[in-house]
Amino acid sequence: LVYRTFCNKMWQATKFAMMKWSARKDFVPSDEPIRATNVMDRWILSRLANAIATANHSFEQLELSTAADVLYRFWWEELC
């Protein structure tokens, strides 16, 4: 049940983001780094960078459960 709930949360958040992006006529996907212009953007990007760094370190140490937990917590508690 927990995984189903989490997958539903991921699905709903992705659907929401795609709806917002597709509504913008000037949106073009890019590989360029994101330039945060407001406080909330900078905050979530800093939390994402922290989660990525921790997950990468955990993967290098073969601590897969820690890496998965960090990514899960970012998505569930920070992003959504």
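Keep in mind that this is a model prediction, so the values were computed, not measured.

## Quick word on the overall build of the protein
Counting its regular elements, the protein contains 3 helices and 0 strands. Going from the N terminus to the C terminus, the protein shows its helices and strands as α-α-α. The C-alpha atoms of the protein give a radius of gyration of 15 Å, which is well past the 12 Å a tight globule of 80 residues would have. When its C-alpha atoms are laid out on the principal axes, the protein stretches across 45 × 30 × 20 Å. Surface exposure of the protein reaches about 6900 Å², of which carbon and sulfur atoms provide 61%. Computed over 10 positive and 9 negative side-chain charges, the inter-centroid distance for the protein is 11 Å.

## Remarks on a nonpolar patch on the surface
Residues Met18, Trp21 and Phe27 make up a contiguous nonpolar surface patch of roughly 300 Å² in combined accessible area. Position of Trp21 among the secondary structure elements: in helix 1 (residues 2-23). Note on Trp21: relative accessible area 40%, which makes it partly exposed.

## Overview of the packing of helix 2 (residues 39-60) against helix 3 (residues 64-79)
Running from N to C, helix 2 and helix 3 point in directions that differ by 170°, and their axes come no closer than 7 Å. Considered as vectors, helix 2 and helix 3 are oriented roughly antiparallel to each other. As for the relative orientation of helix 2 and helix 3, their crossing is left-handed in sense. Each of Trp43, Ile44, Arg47, Leu48, Ala51, Thr54, Ala55, Ser58 and Phe59 in helix 2 lies in contact with helix 3, whose residues at this interface are Leu64, Thr66, Ala67, Val70, Leu71, Phe74, Glu78 and Leu79. Tallied by class, residues from the contact of helix 2 with helix 3 come to 12 nonpolar, 3 polar and 2 charged.

## Quick look at the confidence of the model for the protein
Taken residue by residue, the protein gives an average pLDDT of 88. The fraction at 70 or more is 100%. Mean pLDDT across the elements of the protein bottoms out in helix 1 (85) and peaks in helix 2 (94).

## Notes on the packing of aromatic side chains
How two aromatic rings sit relative to each other is given by the distance of their centres and the angle of their planes. For the structure on display, the rule yields 3 aromatic pairs. Taking 4.6 Å as the distance between ring centres and 45° as the angle between the ring planes, the aromatic pair formed by Phe6 and Tyr72 counts as tilted. Within this pair, whereas Phe6 is found in helix 1, its partner Tyr72 is found in helix 3, the two being separated by 66 residues in sequence. For Phe6, a relative accessible area of 13% corresponds to the buried category.

## Observations regarding the pattern of salt bridges
This model, assessed by the stated rule, comprises 3 salt bridges. Between Arg47 and Glu78 there is a salt bridge; the shortest N-O distance is 3.3 Å. Residue Arg47 is located in helix 2, and its partner Glu78 is located in helix 3; the two are separated by 31 residues in the primary sequence. For Arg47, a relative accessible area of 29% translates into the label partly exposed.

How each quantity is defined
- Residues numbered from 1 in each chain as written.
- Predicted model: local features only at pLDDT ≥ 70, side-chain atom pairs only at ≥ 80, totals over all residues.
- Heavy atoms only, no water.
- Helix = DSSP H or I, 4+ residues; strand = E, 2+ residues; numbered from the N terminus.
- Rg over C-alpha atoms; globule rule 2.2 N^0.38 Å.
- Areas by Shrake-Rupley, 256 points an atom, 1.4 Å probe, with all protein chains shown as cover.
- Lys, Arg positive; Asp, Glu negative; His and termini not counted.
- Charge placed at Lys NZ, Arg CZ, Asp CG, Glu CD.
- Patch = residues over 30% accessible without salt bridge, like charges linked within 9 Å, V, L, I, M, F, W, Y side chains within 5 Å.
- Salt bridge = Lys/Arg side-chain N within 4 Å of Asp/Glu carboxyl O.
- Buried < 20%, exposed > 50% of the residue type's maximum accessible area, 1.4 Å probe, protein only.
- Axes fitted to C-alpha atoms, helices over the stretch in contact; angles between N-to-C directions.
- Parallel < 35°, antiparallel > 145°, perpendicular 65-115°, else oblique.
- Left-handed = near helix turned anticlockwise from the far one by under 90°.
- Contact = heavy atoms within 4.5 Å.
- Nonpolar A, V, L, I, M, F, W, Y, C, P; charged D, E, K, R; others polar.
- pLDDT = per-residue confidence, 0-100.
- Phe/Tyr/Trp six-rings, centres within 6.5 Å; stacked < 30°, edge-to-face > 60°.

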